[in-house]
Amino acid sequence: MSAKPPASYRKIKRIALLYDMDLSNKQTLIRVDLIIQSADSIITPVVSLYEARFTQDNPNALAARGFDPRQLLACFESQEKTTNRTIFNPYRPTNLNHNGLTKELYNLSEIKTLKYTGESHERNYQRFN
């Protein structure tokens, strides 16, 4: 008889994040799921500049985004395997906190690598003019 695979679970905390749009030069609220507990013991890192953009708004009341936010993919090593966690960067690139958030994450000893991806949209650029 084969052994059962180890149980995997994730405990999520859903939050509302104040996000600076790149092209429209406006702010919007986006819904974000933070992993606060998991079977692999790796949670979503929350640094001060990230937490500063959390709001008290009801995240479940927010509409779907319709775009892919700027994000940092943090790679962790644990138990001889790698695990990734995504952190959205709510600050537009011209804001000093944009690089500050990246530096705060980079300085966490448990993060081995960070990969940055900029904001992307599926719709026509005309709607931003």
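The coordinates are above.
In this text the structure is predicted, and so the values were computed from the model without any measurement.

Attention shifts here to the overall build of the protein chain. Broken down by element type, the protein chain carries two helices and eight strands. From first element to last, N terminus to C terminus, the protein chain shows the α and β order β-β-α-β-β-β-β-α-β-β. Every one of the 129 residues in the protein chain was classed for burial, and the buried ones make up 35%. Taking the contacts inside the protein chain whose residues are at least 6 apart along the sequence as the reference set, 63% of them involve residues at least 24 apart. Of the roughly 8,500 Å² of accessible surface on the protein chain, a fraction of 47% belongs to carbon and sulfur atoms.

Take the pattern of salt bridges next. The tally for this structure, following the rule as stated, stands at four salt bridges. Across the salt bridge formed by D33 and R14, the nearest N and O atoms sit 2.7 Å from each other. With a gap of 19 residues between them, D33 in strand β2 (residues 27–38) and R14 in strand β1 (residues 10–20) connect regions that are remote in the sequence. Across the pair D22 and R70 runs a salt bridge whose closest N-O atoms are separated by 2.4 Å. Here the residue D22 occupies a position in the loop between β1 and β2, and R70 occupies one in the loop between β4 (67–68) and β5 (71–78), the gap between them amounting to 48 residues. If you follow the salt bridges from partner to partner, you end up with D22, R70 and E119 in one network.

Read across the open sheet, the three strands follow the order β2-β1-β3; overall the sheet is antiparallel. One side of each edge strand has no neighbouring strand; the edge strands of this open sheet are β2 and β3 (54–55). In this sheet, β3 lies alongside β1 in antiparallel orientation, the contact comprising two bridges. Note that in β3 the partner of L17 across the bridge is F54.

Another point: helix α2 (residues 96–106). All buried positions along α2 are accounted for by H98, G100, L101 and L105. Considering only its buried residues, α2 is in contact with α1 (48–51), β5, β6 (81–88) and β7 (111–117). Looking at where α2 begins, the residue whose side-chain oxygen comes 2.8 Å from the main-chain nitrogen of N97 is N95.

Take the sheet that holds β7 next. A sheet is described by the order of its strands in space; here three strands give the open sequence β6-β5-β7, paired in antiparallel fashion. Strand pairing shows two members of the sheet lacking a second neighbour, β6 and β7, which therefore form its edges. Across the sheet, the axes of successive neighbouring strands diverge by a mean angle of 25°, strand direction being ignored. Relative to β7, β5 runs antiparallel, the two sharing six bridges. Note on β7: the bridge partner recorded for Q71 is T117. Relative to the sheet, α2 contacts β5, β6 and β7, its axis offset from that of β7 by approximately 155°.

So, on to the nonpolar core. L17, I30, V32, Y50, F88, L101 and L105 are the most contacted members of the largest nonpolar core, which totals 21 residues. Those elements giving two or more residues to this core turn out to be β1, β2, α1, β5, β6 and α2. Among all residues touching V32, those that are not within four sequence positions of it are K13, R14, I15, L17, Y50 and F88.

The rules behind the values
- Along each chain, numbering runs from 1 in the same order as the chain's sequence is written.
- The predicted nature of this model means local features are confined to residues of pLDDT at least 70 and side-chain atom pairs, given and counted, to a pLDDT of 80 or more, with totals for whole chains, interfaces and linings taken over all residues.
- Only hydrogens and water are set aside; all other atoms, that is, all heavy atoms of the structure, feed into the side-chain values.
- Working definition: helices are DSSP H or I runs of at least four residues, strands are E runs of at least two. Numbering for both runs from the N terminus.
- A 1.4 Å probe rolled over the protein chains alone gives each residue an accessible area, and that area as a share of the maximum for its type sets the label: buried under 20%, exposed over 50%, partly exposed in between.
- Any two residues having at least one pair of non-hydrogen atoms within 4.5 Å are treated as being in contact.
- Only the protein chains shown count as cover for residues, with accessible areas throughout obtained via the Shrake-Rupley method and a probe of 1.4 Å.
- By definition here, a salt bridge exists when the distance from a side-chain nitrogen of Lys or Arg to a carboxyl oxygen of Asp or Glu is within 4 Å.
- Two strands are counted as paired when DSSP detects at least two bridges linking them.
- Any pair of N or O atoms that falls within 3.5 Å is considered a polar contact. Within protein, one atom must be able to donate a hydrogen and the other to accept it, and sequence-neighbouring residues count only if both atoms are side-chain atoms.
- Every axis corresponds to a line fitted to the C-alpha atoms, with the helix fit spanning only the stretch in contact, and the corresponding angles, defined between N-to-C directions, vary from 0 to 180 degrees.
- What is meant by a nonpolar core is a set of buried Ala, Val, Leu, Ile, Met, Phe, Trp, Tyr and Cys residues, joined one to another through side-chain atoms within 4.5 Å.

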